[in-house]
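# A look at the structure
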Amino acid sequence: MGIVLAFCCLVCSALNDFIFKVFSGKKGSVGIFVSIVGVIWLLALCVIPVDLKTNLGATVRWSLIGGFFSLTGNLLLIEAMKRQSAGVCSTVYRLNLVAVVIGASFLLHESLDLRQWTGVALAAAAVCCFFSPDKSKAGRGAGLGLLMAVAASFLRACMGLSYKYGIMHGADANGLSIGTSFLWIFGGILYCLIRREPVKSSLDPRVFLTGVVSGLFVAGIVFFMALSLKYGDASVVLPIAQMSFIGTLVLSVIFLKEKLSVRKIAGMVCGVLAVLLLSL
């Protein structure tokens, strides 16, 4: 049962990254899009129970901290997809496990073994494979997109570490998820105002629907991940869920006609091996 739920999480993650790429090609406001995702996420998850007996202060505090990392990481991911392919961005983003295991070793005093260090090295190799020697304007834009995806991956790792640290200090897990959705709602609006993005174009029904669909997928990621960990072993379900970038790559090649190169394929293979070594 846990494996089935993990595959459901994988599908939601792959589809959501693909939706991010589809939206990145539109003229709508990134901030408003993120706010719409946050609203749908909140509505979908508001039915889950929140343990009010836990430390409310810790839940609010770590919701703000983890939510900030989640919001900024996903804003960067969408901006990265404007410049770089969906397959590359999704792969690099899912390699946040690198920063998680390194951060856990320093902050949570968890030791790293040879297998995990090998995974870190393969993740670095994957990113190197994605760097293009092209010095043209398009090539420089793709390079910037890759760097933004790396930054987004790091912020995603910071979110995971802050959530784990918060739960260890009394925060409620469901409360953290709901709190993060509020950060997406108001943070997205603030991002739109700071960047002076076109709000009117974001009210286009197609753009709005894209945000709604993405919000449902984000809620699905949270929901199926929690259930998969409940019914399956973390060493089994986590690697499966993290392989979503393969699905995103397939979707982008089929529907967006993104090209596959030898370097990109080599990077994907290194990414798969890195996730397996870091998760198992």
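In this convention, every chain numbers its residues from 1, walking through the sequence in written order. Local features are withheld for residues below a pLDDT of 70 in this predicted model, meaning they are given only at 70 or higher, and side-chain atom pairs are given and counted only at 80 or more; totals for whole chains, interfaces and linings count all residues. Side-chain measures were taken over the full set of non-hydrogen atoms in the model, leaving aside hydrogen atoms and water.

## Section: the environment of cysteine 8
Stated precisely, the cut-off is as follows: Numbered from the N terminus, helices here are DSSP runs of H or I no shorter than four residues, and strands are runs of E no shorter than two.
Along the polypeptide, cysteine 8 turns up in helix 1 (residues 2–24). Note: C-alpha distance between cysteine 8 and alanine 126 (118 residues apart in sequence) is 26 Å.

## Some details on a nonpolar patch on the surface
Under the convention used in this document: Patch membership needs two things, relative accessible area over 30% and no salt bridge, and members are linked within 9 Å if like-charged or within 5 Å if nonpolar (Val, Leu, Ile, Met, Phe, Trp, Tyr). Only the protein chains shown count as cover for residues, with accessible areas throughout obtained via the Shrake-Rupley method and a probe of 1.4 Å. Salt bridge criterion: a side-chain nitrogen from Lys or Arg within 4 Å of a carboxyl oxygen from Asp or Glu. Burial classification: accessible surface area is computed with a 1.4 Å probe over protein chains only, and a residue below 20% of its type maximum counts as buried, one above 50% as exposed, and the rest as partly exposed.
A cluster of nonpolar side chains, contributed by Ile246, Val250, Ile254, Phe255 and Leu256, occupies part of the molecular surface with about 430 Å² of accessible area. Here phenylalanine 255 is to be found in helix 12 (residues 244–255). When its relative accessible area of 55% is taken as the criterion, phenylalanine 255 is described as exposed.

## Quick notes on the nonpolar core
What counts here: Definition of nonpolar core: a set of buried residues of the types Ala, Val, Leu, Ile, Met, Phe, Trp, Tyr and Cys, connected through side-chain atoms within 4.5 Å. When checking whether two residues touch, look at their non-hydrogen atoms; a contact exists if any pair is within 4.5 Å.
Core analysis: the largest hydrophobic core is formed by 55 residues, its most contacted members being Val30, Phe33, Val34, Leu77, Ile78 and Val92. In terms of residue count, the dominant contributor to this core is helix 1 (seven residues). In this structure valine 30 touches Phe23, Leu75, Ile78, Glu79, Lys82, Tyr191 and Glu197, once residues within four positions along its chain are discounted.

## A short note on the confidence of the model for the protein
Our working definition: As a per-residue measure, pLDDT tells how confident the predictor is, with possible values from 0 to 100.
Chain-level pLDDT for the protein is 85 on average; 90% of the residues reach the 70-or-more range. By mean pLDDT, helix 9 (residues 199–202) is the weakest element of the protein at 68, and helix 3 (residues 56–81) is the strongest at 92.

## As for the pattern of salt bridges
Counting across every chain of the model gives five salt bridges. As a salt-bridge pair, glutamate 79 and lysine 82 come within 3.4 Å of each other at their nearest N and O atoms. Overall, lysine 82 belongs to the partly exposed group, its relative accessible area being 40%. A salt bridge links arginine 115 to aspartate 113, with the nearest nitrogen and oxygen atoms 3.3 Å apart. When its relative accessible area of 33% is taken as the criterion, aspartate 113 is described as partly exposed.

## Regarding the side chain of threonine 180
Heads up, the rule is: Throughout this description, a polar contact denotes any pair of N or O atoms lying within 3.5 Å of each other; where both atoms belong to protein, one of them has to be capable of donating a hydrogen while the other can accept it, and for residues adjacent in sequence the pair is counted only when both atoms sit in side chains.
Here threonine 180 is to be found in helix 8 (residues 173–195). By relative accessible area, threonine 180 is classed as buried at 1%. Only 2.8 Å separates the side chain of threonine 180 from the backbone oxygen of leucine 176, close enough to count as a polar contact. Setting aside residues up to four positions removed in sequence, threonine 180 forms contacts with Trp41, Ser63, Gly67, Ser70 and Tyr163.

## Notes on the packing of helix 1 against helix 12
Definition in use: For helices, the axis comes from a line fit to the C-alpha atoms of the stretch in contact; other axes are also lines fit to C-alpha atoms, and the angle between any two N-to-C directions lies between 0 and 180 degrees. Note on terminology: angles under 35 degrees are roughly parallel, angles over 145 are roughly antiparallel, angles of 65 to 115 are roughly perpendicular, and the others are oblique. Should the near helix be turned anticlockwise from the far one by less than a right angle, the crossing is termed left-handed; should it be turned clockwise, right-handed. Ten residues, namely Ala, Val, Leu, Ile, Met, Phe, Trp, Tyr, Cys and Pro, are considered nonpolar, four, namely Asp, Glu, Lys and Arg, are considered charged, and the remaining ones, Gly among them, are considered polar.
Packing of helix 1 against helix 12 leaves a shortest axis separation of 8 Å and a crossing angle of 45°. One finds that helix 1 runs oblique with respect to helix 12. Between helix 1 and helix 12 the crossing geometry is right-handed. Counted together, Leu10, Ser13, Ala14, Leu15, Asp17 and Phe18 of helix 1 and Ser244, Gly247, Thr248, Leu251, Ser252 and Phe255 of helix 12 form the full contact between these two elements. Partitioned by chemical class, the residues of the contact of helix 1 with helix 12 number six nonpolar, five polar and one charged.

## Things to note about helix 6 (residues 114–130)
Since one α-helical turn is 3.6 residues long, residues separated by three or four positions face the same way. Our working rule: Helix span is expected to be 1.5 Å times the residue number reduced by one.
Along its 17 residues, helix 6 runs 25 Å from first to last C-alpha, staying within 8% of the 24 Å computed at 1.5 Å per residue. Among all positions in helix 6, only Gln116, Gly119, Val120, Leu122, Ala123, Ala126, Val127, Cys129 and Phe130 are buried.

## Some words on the packing of helix 4 (residues 86–94) against helix 13 (residues 262–279)
Relative orientation of the contacting elements helix 4 and helix 13 amounts to 25°, with a least axis distance of 10 Å. Viewed along their axes, helix 4 and helix 13 adopt a mutual orientation that is roughly parallel. The crossing of helix 4 and helix 13 is left-handed. The residues of helix 13 that touch helix 4, namely those facing Gly87, Val88, Thr91 and Arg94, are Lys264, Met268, Gly271 and Val275. Classifying every residue of the contact of helix 4 with helix 13 by side-chain character gives three nonpolar, three polar and two charged.

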